[in-house]
There are 2 protein chains.
Amino acid sequence: MTEAVRVHLELRNDIIGGEFAPGASVSEAELCARYGASRTPVREACRRLQEESLIHIVPFRGYFIAPLTVAEFRNLHEVQLVIDPAAAALAAERASAEQIRSIERWANYEYHTGQKSSYHTFLEWNQNLHVEIAAASGNELFAEITANLQARLIRYFYMVISMDSFGVDLAQEHREIVRAIKARKPEVARQKSSEHVLKTIARTMSLDFASQNSELASEINSISLEPSARQSMQTRSRRRL
Amino acid sequence: MTEAVRVHLELRNDIIGGEFAPGASVSEAELCARYGASRTPVREACRRLQEESLIHIVPFRGYFIAPLTVAEFRNLHEVQLVIDPAAAALAAERASAEQIRSIERWANYEYHTGQKSSYHTFLEWNQNLHVEIAAASGNELFAEITANLQARLIRYFYMVISMDSFGVDLAQEHREIVRAIKARKPEVARQKSSEHVLKTIARTMSLDFASQNSELASEINSISLEPSARQSMQTRSRRRL
DNA sequence: TAGATGCCAATTGTATACAGGTTGTACATC
DNA sequence: GATGTACAACCTGTATACAATTGGCATCTA
């Protein structure tokens, strides 16, 4: 593995994990010291993270850790609401036996409420499950887009202290999506996926956000999606039921 | 504008415009000579183009112009079929007066059949229209994804000698989408956008591809989308009509 | 002759020196 | 005291030297 790739992965992980304050300025020299690499691979890593919208680069000024904003949070969910169900439906048609096994493995987590370490693991499993389902669509674009959405979304979830009882609902919804994919029922998978995203949004809005971001948290709690963004699911439900 | 940005834009334009053969290998030295820059900005430009899937980088081996494949063509359309209608629906709700004016400007092109230069301009206007509609959704993620999809799709359209009479249909469909957005009718915009994408796919499959890619062309002609990918539009039509 | 092995040219990955731009500060001027 | 300007420190952008890796080719061996 080259230095550039290593720095990219480690820095990315640190940003997602909250090692840097959102909006904070970081210099190349700083990153070179932290990751033990020279400027060239550090620059390359930062440029890739810019493409992933985890870092903002202002020419001749420096690098800034992408801030967490209500607009981005809403945007991510709007796109997810469109991408996830479509990918789930395709996965139900095209997933290989091996891909289904892999999906089932990620869906079989145990979330022990109240444990911080368990919560972090839980978020990673959740992320992997979503990406794995998208990959099973047989369309790598869906997988790439999903990976980017999840990486950016997880930063918001890390703000949350814990999800407590929510983990149970979430696991249940995941299993329903997986069951539909395994049963080769695209429309059920699509509907379950839509419901899951909408419920996740609803759950997030009632969460107990970490105090240092209380301003953002209260703003997030006031989000409401446009009618046409929700419409995706409603149409399906009406049609199916 | 920095060298890196300039090289990125020019190289990107050259790849999209077909200046390089798909799959061709290019060395850093070659690109340095061609664009009159040193290796550092050339490398940065190539890394960004890799993120956009226009170049493949194999470590220690070199850069390869992304090949045109049936799988990619299908993947791009599958994602477009999901992104475009959703963005159009949101645009109908949230587009500003200025954005609507901008969209109308891009929709008002005149395509003179048979003229090669006119055809290229036509493709650019088409691309800009799609991106502008996505931007009017008020969600920059839709705009970014659309810009990437369009950049990659246009390489396939450049293979086509001309679209002849198709330009007329296309312009008509575009105007219908724009009309729905201007009239603030999200569901009509969504439906018209879905139809437009599906019709574009159908039109492409019956096209006269340039001979040097006849193998790819015949493969493209045999594409068929999965039922659940088409389902998006059918549901809406049934529901509306 | 088929296959394995070691060397070498070519190319990319990394480190670093140098150039260019930006920001903040100190000082002169009004 | 407010404002504008010059300068300096700092940082990023670019160029280039050096290190590491690859793949092909020649050579050797069975």
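Rules behind the numbers
Residues numbered from 1 in each chain as written. Chains lettered and ligands numbered in written order. Predicted model: local features only at pLDDT ≥ 70, side-chain atom pairs only at ≥ 80, totals over all residues. Heavy atoms only, no water. Helix = DSSP H or I, 4+ residues; strand = E, 2+ residues; numbered from the N terminus. Buried < 20%, exposed > 50% of the residue type's maximum accessible area, 1.4 Å probe, protein only. Contact = heavy atoms within 4.5 Å. Axes fitted to C-alpha atoms, helices over the stretch in contact; angles between N-to-C directions. Parallel < 35°, antiparallel > 145°, perpendicular 65-115°, else oblique. Near = heavy atom within 4 Å. Polar contact = N/O pair within 3.5 Å; in protein donor to acceptor, adjacent residues only side chain to side chain. Nonpolar A, V, L, I, M, F, W, Y, C, P; charged D, E, K, R; others polar. Pairing = 2+ DSSP bridges. Left-handed = near helix turned anticlockwise from the far one by under 90°. 1 Å grid on protein atoms, 1.4 Å probe; cavity = no way out; pocket = protein on both sides within 12 Å on 5 of 7 lines; lining within 4 Å. Points joined across faces, edges and corners; volume = space filled by probe spheres on them.

## Observations regarding the overall build of chain A
The number of helices and strands found in chain A is eleven helices and three strands. The N-to-C order of helical and strand elements in chain A reads α-β-α-α-β-β-α-α-α-α-α-α-α-α. For chain A, buried positions account for 56% of its 241 residues. Restricting to contacts in chain A with at least 6 residues of sequence separation, those with at least 24 account for 74%.

## Considering the packing of helix 1 (residues 3–16) of chain B against helix 7 (residues 140–157) of chain B
Residues and elements named next belong to chain B. Taken N-terminus to C-terminus, the directions of helix 1 and helix 7 make an angle of 45 degrees; their axes are 8 Å apart at the nearest point. Judged by the angle between their axes, helix 1 and helix 7 are oblique. Where helix 1 abuts helix 7, its residues R12, I15 and I16 lie against A147, A151, I154 and R155.

## Remarks on the environment of G23 of chain B
All names here are of chain B. Within the secondary structure, G23 sits in the loop between helix 1 and strand 1 (25–26). We classify G23 as partly exposed; its relative accessible area is 39%. Taking the C-alpha atoms as reference, G23 lies 8.9 Å from I55; in sequence the two are 32 residues apart. Excluding its chain neighbours within four sequence positions, the residues that come into contact with G23 are F64, I65, A66 and P67.

## Describing the protein's contact with DNA strand C
In the region of DNA strand C, 20 residues are neighbours, and E3, S38 and T40 of chain A together with R39 and R43 of chain B sit closest. Backbone atoms, meaning sugar and phosphate, form 67% of the atoms of DNA strand C found within 4 Å of the protein. Take E3 of chain A: an N or O atom from its main chain is 2.4 Å from a phosphate oxygen of DNA strand C. For the surface near DNA strand C, the secondary-structure elements that each account for two or more residues are helix 1 (3–16) and helix 3 (39–51) of chain A together with helix 3 (39–51) of chain B. Taken together, the residues of the surface near DNA strand C sort by class into seven nonpolar, five polar and eight charged.

## Details of the protein's contact with DNA strand D
Near DNA strand D you find 19 residues, and of these R43 of chain A together with E3, S38, T40 and R61 of chain B are the closest. Per the 4 Å cut-off to the protein, sugar and phosphate atoms form 65% of the nearby atoms of DNA strand D. F60 of chain A places a main-chain nitrogen or oxygen 3.4 Å from a sugar or linking oxygen of DNA strand D. In the model, a base nitrogen of DNA strand D is placed 3.5 Å from a nitrogen or oxygen of the R39 of chain B side chain. Among the secondary structure elements, those contributing two or more residues to the surface near DNA strand D are helix 3 of chain A together with helix 1 and helix 3 of chain B. By residue class, the composition of the surface near DNA strand D is six nonpolar, five polar and eight charged.

## Focus on the sheet that holds strand 2 (residues 55–58) of chain A
All names here are of chain A. The three strands lie next to each other as 1-3-2, forming an open sheet whose pairing is antiparallel. The two strands at the open ends of the sheet, each matched to only one other strand, are strand 1 (25–26) and strand 2. Sheet topology places strand 2 next to strand 3 (residues 62–65); four bridges connect them, and they run antiparallel. By the bridge assignment, V58 is partnered in strand 3 with G62. The sheet contacts of helix 3 involve strand 2 and strand 3, and relative to strand 2 the element is tilted by about 110 degrees.

## Considering the pairing of strand 3 of chain A
Residues and elements named next belong to chain A. Here strand 1 runs beside strand 3; their pairing, made up of two bridges, is antiparallel. Note that in strand 3 the partner of V26 across the bridge is Y63. As consecutive antiparallel partners, strand 2 and strand 3 are separated by three residues, and within that stretch F60 has a phi angle of approximately 65 degrees, a positive value.

## With respect to the environment of R179 of chain B
Structurally, R179 of chain B is set in helix 8 (residues 166–182). With 75 residues separating them along the chain, R179 of chain B and E104 of chain B place their C-alpha atoms 9.0 Å apart.

## Some remarks on the packing of helix 7 (residues 140–157) of chain A against helix 7 of chain B
One can describe the packing of helix 7 of chain A onto helix 7 of chain B by two numbers: an axis separation of 13 Å at closest approach and a directional angle of 155 degrees. Between helix 7 of chain A and helix 7 of chain B, the angle falls in the class roughly antiparallel. By crossing handedness, the relation of helix 7 of chain A to helix 7 of chain B is classed as right-handed. Of the residues in helix 7 of chain B, those touching helix 7 of chain A at L141, I145, L149 and R152 of chain A are L141, I145, L149 and R152 of chain B. Split into classes, the residues belonging to the contact of helix 7 of chain A with helix 7 of chain B amount to six nonpolar, no polar and two charged.

## Focus: the layout of surface pockets
There is about 1300 Å³ of room inside the largest pocket. Lining the largest pocket are 35 residues, with E51 and E144 of chain A together with E51, E52 and N148 of chain B positioned closest to its centre. Taken together, the elements giving at least two residues each to the lining of the largest pocket come down to helix 1, helix 3 and helix 7 of chain A together with helix 3, strand 2 (55–58), helix 4 (70–94) and helix 7 of chain B. The greatest single-element share of the lining of the largest pocket, amounting to eight residues, is contributed by helix 7 of chain A. Taken together, the residues of the lining of the largest pocket sort by class into twelve nonpolar, ten polar and 13 charged. The computed volume of the second largest pocket comes to approximately 470 Å³. Together, 20 residues line the second largest pocket, and T2 of chain A together with R43, R47, P59 and F60 of chain B are the ones closest to its centre. Mapped by element, the contributors of at least two residues to the lining of the second largest pocket are helix 1 and helix 3 of chain A together with helix 3, strand 2 and strand 3 (62–65) of chain B. Tallied by class, residues from the lining of the second largest pocket come to eight nonpolar, four polar and eight charged.

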